[in-house]
Amino acid sequence: MKKIIIFILCLIPWFIASLVPFNKEFYDSLILPFFTPPNIFYVIAWTITYILIAISIYLIIENNTWKKVQKSYKISLLTNYLFNQSFQFVFFLFENTFLGFISCLGTFISSLFLYEETTNENEASAKYLNFYVLLSLFATILSATIYIINAK
């Protein structure tokens with residue numbers, strides 16, 4: 001039971017930004033590139049990603065106590081988390097495509113650092129972040145394209 005609770009505590013924070021209201025009118029007003037996936041893609045892909053991130057974190061905690069985890073890993077995780085969570089706020093709440101792109105770029109770059117730090121902590125745990133790195137790269141490309149074609 002303790003393991004399940006720890007895993008849930010690793011998972012829940014990643015869904016906080018999903019509580020931000022989604023402004024469908026703003027999103028529908030944007031010109032989207034041809035490679036924009038359907039909306040259901042985001043729900044499925046990010047849910048899977050957050051579960052994989054939580055597994056990665058859980059494996060690190062399971063092999064160590066949180067106190068013994070390297071400070072550089074904690075900083076990478078926090079930085080990545082903040083960039084990741086900021087997208088919903090800046091893109092949908094503030095309706096700012098440029099800041100949305102910056103948030104995606106920060107998420108991608110910090111996911112690379114997180115991957116490296118996770119590898120240093122637990123190589124097997126880092127494998128769970130592969131999809132995240134690729135998804136954040138795709139999100140960055142998509143967000144940059146949305147910003148460019150909608151710039152006024």
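Residues numbered from 1 in each chain as written. Predicted model: local features only at pLDDT ≥ 70, side-chain atom pairs only at ≥ 80, totals over all residues. Heavy atoms only, no water.

## Thoughts on the overall build of the protein chain
Move 1: Along the backbone of the protein chain there are seven helices and zero strands.
Move 2: By the compact-globule yardstick of 15 Å for 152 residues, the protein chain fits well, its C-alpha radius of gyration being 16 Å.
Move 3: Taken over the C-alpha atoms alone, the protein chain extends approximately 50 × 30 × 25 Å along its principal axes.
Move 4: Sorting the 152 residues of the protein chain into buried and exposed places 42% on the buried side.
Move 5: Long-range pairs, those at least 24 residues apart, make up 78% of the contacts in the protein chain between residues at least 6 apart in sequence. (Helix = DSSP H or I, 4+ residues; strand = E, 2+ residues; numbered from the N terminus. Rg over C-alpha atoms; globule rule 2.2 N^0.38 Å. Buried < 20%, exposed > 50% of the residue type's maximum accessible area, 1.4 Å probe, protein only. Contact = heavy atoms within 4.5 Å.)

## What to know about a nonpolar patch on the surface
Move 1: A cluster of nonpolar side chains, contributed by M1, I4, I5, I8, L9 and I12, occupies part of the molecular surface with about 640 Å² of accessible area.
Move 2: Structurally, M1 can be placed in the segment before α1 (2-11).
Move 3: Taking the relative accessible area as the measure of exposure, M1 reaches 74% and is therefore exposed. (Patch = residues over 30% accessible without salt bridge, like charges linked within 9 Å, V, L, I, M, F, W, Y side chains within 5 Å. Areas by Shrake-Rupley, 256 points an atom, 1.4 Å probe, with all protein chains shown as cover. Salt bridge = Lys/Arg side-chain N within 4 Å of Asp/Glu carboxyl O.)

## Let's talk about the side chain of E117
Move 1: Checked against the element boundaries, E117 lands in helix α5 (residues 97-121).
Move 2: K74 provides the closest opposite charge to the buried, unpaired E117, separated from it by 12 Å.
Move 3: Excluding residues within four positions of it along the chain, E117 makes contact with S72, Y73 and S76. (Lys, Arg positive; Asp, Glu negative; His and termini not counted.)

## As for helix α7 (residues 130-150)
Move 1: With 21 residues, α7 should reach 30 Å at 1.5 Å per residue; the first-to-last C-alpha distance of 30 Å fits that figure.
Move 2: As for α7, its buried residues are in contact with α3 (39-63), α4 (71-93) and α5. (Expected span 1.5 Å × (residues − 1).)

## Points about the packing of α1 against α3
Move 1: At their nearest, the axes of α1 and α3 sit 8 Å apart, and the two run at 130 degrees to each other. One finds that α1 runs oblique with respect to α3. Like other packed secondary-structure pairs, α1 and α3 cross with a definite hand, here right-handed. Across the interface between the two elements, K3, I6, F7, C10 and L11 of α1 pack against Y50, I51, A54, I55, I57, Y58, I61 and E62 of α3. (Axes fitted to C-alpha atoms, helices over the stretch in contact; angles between N-to-C directions. Parallel < 35°, antiparallel > 145°, perpendicular 65-115°, else oblique. Left-handed = near helix turned anticlockwise from the far one by under 90°.)

## So, the packing of aromatic side chains
Move 1: Taken as a whole and assessed by the stated rule, the structure comprises 19 aromatic pairs.
Move 2: With 5.9 Å between their ring centres and 50 degrees between their planes, F22 and Y27 make a pair best called tilted.
Move 3: Among the residues examined, F22 registers a relative accessible area of 44% and is labelled partly exposed.
Move 4: Exposure remark for Y27: the relative accessible area of 9% places this residue in the buried category.
Move 5: Aromatic pair F26 and F91: ring centres 5.5 Å apart, planes at 65 degrees, arrangement edge-to-face. With F26 in helix α2 (residues 24-29) and F91 in helix α4, this pair connects stretches of sequence that are 65 residues apart. Across the pair, exposure class does not vary: F26 and F91 are buried alike. (Phe/Tyr/Trp six-rings, centres within 6.5 Å; stacked < 30°, edge-to-face > 60°.)

## Quick notes on the packing of α3 against α7
Move 1: Taken N-terminus to C-terminus, the directions of α3 and α7 make an angle of 140 degrees; their axes are 9 Å apart at the nearest point. Regarding α3 and α7, the two cross each other, and that crossing is left-handed. Residues F41, Y42, A45, W46, I48, T49, L52 and I53 of α3 form the contact with α7, whose participating residues are F131, Y132, L135, F138, A139 and L142.
Move 2: Looking at side-chain class alone, the contact of α3 with α7 contains 13 nonpolar, one polar and no charged residues. (Nonpolar A, V, L, I, M, F, W, Y, C, P; charged D, E, K, R; others polar.)

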